[in-house]
Amino acid sequence: MDEVGCDTTFVVEVPEEITLRLQAIAGEDEVCPGNAAFVPLYVSNFNDVANFRTTILYDNSLISCSGFANAHSQLEDSLEVLLFPAEGKVELSWHAPSVTLPANTVMADLVFESLDPGLSMVAWDGSAGASLFLNSTGLTIPVDYYLGSVRIYQQVLFSLDPDVEACQGEDIEISPVLWSSNGEVSYLWSDPFGSTSTNEILSISNAQPTHSGTWTLKVSDTLDCYSVDSIEILVHSKPVPAFAGQDTIATDVPVDIDAGSGFASYLWNTGETSQLITAGVQDWYSVLIESQYGCFGQDSVYVLFWEPPEPVSDPFLFPNAFTPDNDDLNDEFKAIGQPDNLTAFSMTIFNRWGQMVFESTDISVGWDGTFKNQPAPAGTYVFRICLLYTS
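Everything quoted here is computed from the prediction, not taken from an experiment. (Residues numbered from 1 in each chain as written. Predicted model: local features only at pLDDT ≥ 70, side-chain atom pairs only at ≥ 80, totals over all residues. Heavy atoms only, no water.)

**Q** Whenever I open this one, the overall build of the chain confuses me. Can you help?
**A** Counting its regular elements, the chain contains zero helices and 32 strands. The C-alpha radius of gyration computed for the chain amounts to 48 Å, which surpasses the reference 21 Å derived for 391 residues by more than 25%, pointing to a less compact arrangement than a globule. Judged by the C-alpha coordinates and their principal axes, the chain covers about 185 × 50 × 35 Å. When each of the 391 residues of the chain is scored for burial, the buried share is 36%. For the chain, restricting intrachain contacts to residue pairs at least 6 apart in sequence, the fraction spanning at least 24 positions comes to 64%. (Helix = DSSP H or I, 4+ residues; strand = E, 2+ residues; numbered from the N terminus. Rg over C-alpha atoms; globule rule 2.2 N^0.38 Å. Buried < 20%, exposed > 50% of the residue type's maximum accessible area, 1.4 Å probe, protein only. Contact = heavy atoms within 4.5 Å.)

Set out below in C-alpha cells:
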C-alpha cells in the first residue's frame, strides 16, 4: 500500500534463457618417428557461429605443426592458419555467415611433423584474448576446452657392420645391433636380386661373386615402426694359376711351368716363390697363389717324362682313340702293323694323374679300357712304347 492506500505491487516474469556452451575438443594420435600426426579438432554445440579465432599450443621440442588438412566443407573456404613453430603455437581463424554443425563434428585435422619420441599435449588456449567464438549477433559464445595429445613412439634404431669384402668360398655372417625399439622386432633381409630372408643374422656359406651387391635390412617393431639400412658385400674371385686345366704335361726334356703374372705372391711345393719354375723330374707340381685382394687359389699338374722312339724303317701306327664297348669295332688300343725286325716290345699306359693303368710286352695284346677289372673313365691317357730292332 502507498500513502493513499493504493496497492502498487506488480510481478515481472523474466524467462530463463539457457545458453549451451560450445565444446572444443582436441583429439589424439600416435605415430612412429618421421611420420606425420593428424589431430582432429572436434566441436559440439557449434550453433549459429559466425566467427572464431582460436589458439592451440603444443610442445615444439617433440612436434611441429605444418598446417591443417581435411577441413569441414562448411568451413574450408575461409579457414586460415598462422604457424608459430618457435613458440609451439597455432592460430586458426574463420568467418562466414552463421553456421551450425552437428555434435562431434571435425572442423579440421591439425598436421604435426614428429621430431623426437615423447608425449606432447595439444591444448586450446582459453586465456583472455587467445580464443574467441562469436555468434551471428556478435555475442561471445562460452566455450569448454578439452586437451588432446600426440605421442611419438621410440625410433627403431639399429646398426650394421661396415661394408664387407670376402674371398670366394669364405663364409660371411652379419649381425645387426639393435639400440632401441617399441617391443619385439622382426627382421627382413633383401639380397641384390630381391630375394628375402626373415633371419636376424645374415649368413652366407661358401660365398660366391654372385653374392656381391647391396643387401638391405628392414627392422620392424610391434607398433609397425621400422627402420631400413643397407650394407655392401663384395666377394672376390679365387685366383687361378695360368696352367689350370692341364692334368698332365708329357715331355722328354725339362719344362717350364708358369703360374701366371699379376699375383701378390707364389708358393710352389718345391719351396720356390717365383712366377715360373722349371720341372726337371717326373712328379706332381703345385702352387699356392695370392691375389691383390688377399685371396688364395691353388692347382697342380703332373709332369711325365718319356723317351722318344728311334726312327724305324718299317713304322707302325697307333689309333688316337678307341671305343671299348664290346661291339667288335675298335674295342682295344694296340699297335697296327708289326715290323719284321722287331725283337722286343713294351707298351705302358698312364692316366692323367700319372698312374699306370696298363702294361704289355706283347705287341698283339692291346688295352681293353679297364683298370683293376673296372671300366676306366673316358678321357685323355698317355702311352709309352719301347721297341728293340735287329740291325
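Text resumes after the structure shown.
**Q** What is the right way to read the sheet that holds strand E14 (residues 164-167) from this model?
**A** Remark on secondary structure: sheet strands pair via backbone hydrogen bonds, oriented parallel or antiparallel. Taken together, five strands build an open sheet; the order of strands is E14-E21-E20-E17-E18 and the sheet is mixed. Each end of this open sheet is capped by a strand with a single partner; those strands are E14 and strand E18 (196-197). Inspection of the sheet shows strand E20 (residues 213-221) paired to strand E21 (residues 226-236) by eight bridges, in the antiparallel sense. Note on E21: the bridge partner recorded for Thr 214 is Glu 232. (Pairing = 2+ DSSP bridges.)

**Q** Even after reading the chapter, I still don't get the pairing of strand E28 (residues 342-350), so can you show me in this structure?
**A** Within a regular strand, side chains alternate between the sheet's two faces. Two elements, E28 and strand E32 (residues 382-389), share eight bridges in a ladder whose sense is antiparallel. Bridged to Ile 349 within E32 is Phe 383. Judged from the four bridges that link them, E28 and strand E29 (residues 356-360) form a sheet pairing that is antiparallel. What sits directly across from Met 347, in E29, is Ser 360. Between the end of E28 and the start of E29, which pair antiparallel, lie five residues, with Gly 354 showing a positive phi angle near 85°.

**Q** So what exactly am I meant to see when it comes to the nonpolar core here?
**A** Within the largest apolar cluster, 35 residues are counted, with the highest numbers of intra-cluster contacts made by Leu 22, Phe 46, Phe 52 and Phe 112. Looking at this core, the elements that each hand over two or more residues are strand E1 (22-26), strand E3 (36-44), strand E4 (46-57), strand E5 (63-69), strand E7 (89-101), strand E8 (105-114), strand E9 (118-124) and strand E12 (148-152). A total of five residues in this core trace back to one element, the largest contributor, which is E7. With near-sequence residues (within four places) excluded, Phe 52 lies in contact with Phe 46, Leu 79, Leu 92, Ser 93, Trp 94, Met 107, Leu 132 and Phe 133. Within the second largest apolar cluster, 21 residues are counted, among which are Leu 160, Tyr 187, Leu 217 and Val 219. (Core = buried A, V, L, I, M, F, W, Y, C linked by side-chain atoms within 4.5 Å.)

**Q** Which parts of the structure should I look at to understand the pairing of E1?
**A** Residues Leu 22, Ala 24 and Ala 26 point to one face of E1 and are all buried, whereas Gln 23 and Ile 25, pointing to the other face, are not buried. In this sheet, strand E11 (residues 143-146) lies alongside E1 in parallel orientation, the contact comprising four bridges. The residue of E11 that forms the bridge with Gln 23 is Asp 144. When E1 meets E3, the two strands line up antiparallel, connected through four bridges. Pairing of Gln 23 across the sheet is with Ser 44, part of E3.

**Q** Sorry if this is basic, but what is going on with the sheet that holds strand E27 (residues 296-305) here?
**A** Strand order across the open sheet formed by four strands is E22-E27-E26-E24, with mixed pairing between neighbours. Two strands in the sheet have a free side with no partner beyond their single neighbour: strand E22 (248-251) and strand E24 (265-268). The mean inter-strand angle of the sheet, taken between neighbouring strand axes irrespective of direction, is 25°. When E24 meets strand E26 (residues 283-290), the two strands line up antiparallel, connected through four bridges. Note on E26: the bridge partner recorded for Tyr 266 is Ile 289. (Axes fitted to C-alpha atoms, helices over the stretch in contact; angles between N-to-C directions.)

**Q** Sorry, what's going on with the state of the cysteines here?
**A** Two cysteines, two sulfur atoms, one covalent bond between them: this is a disulfide. Per the counting criterion, the structure on display carries two disulfides. Linked covalently through their sulfurs, Cys 32 and Cys 225 form a disulfide whose S-S length is 1.9 Å. On the sign convention where negative means left-handed, the S-S torsion of about -90° between Cys 32 and Cys 225 marks this disulfide as left-handed. Residue Cys 32 is located in the loop between strand E2 (28-31) and E3, and its partner Cys 225 is located in the loop between E20 and E21; the two are separated by 193 residues in the primary sequence. (Disulfide = S-S within 2.5 Å.)

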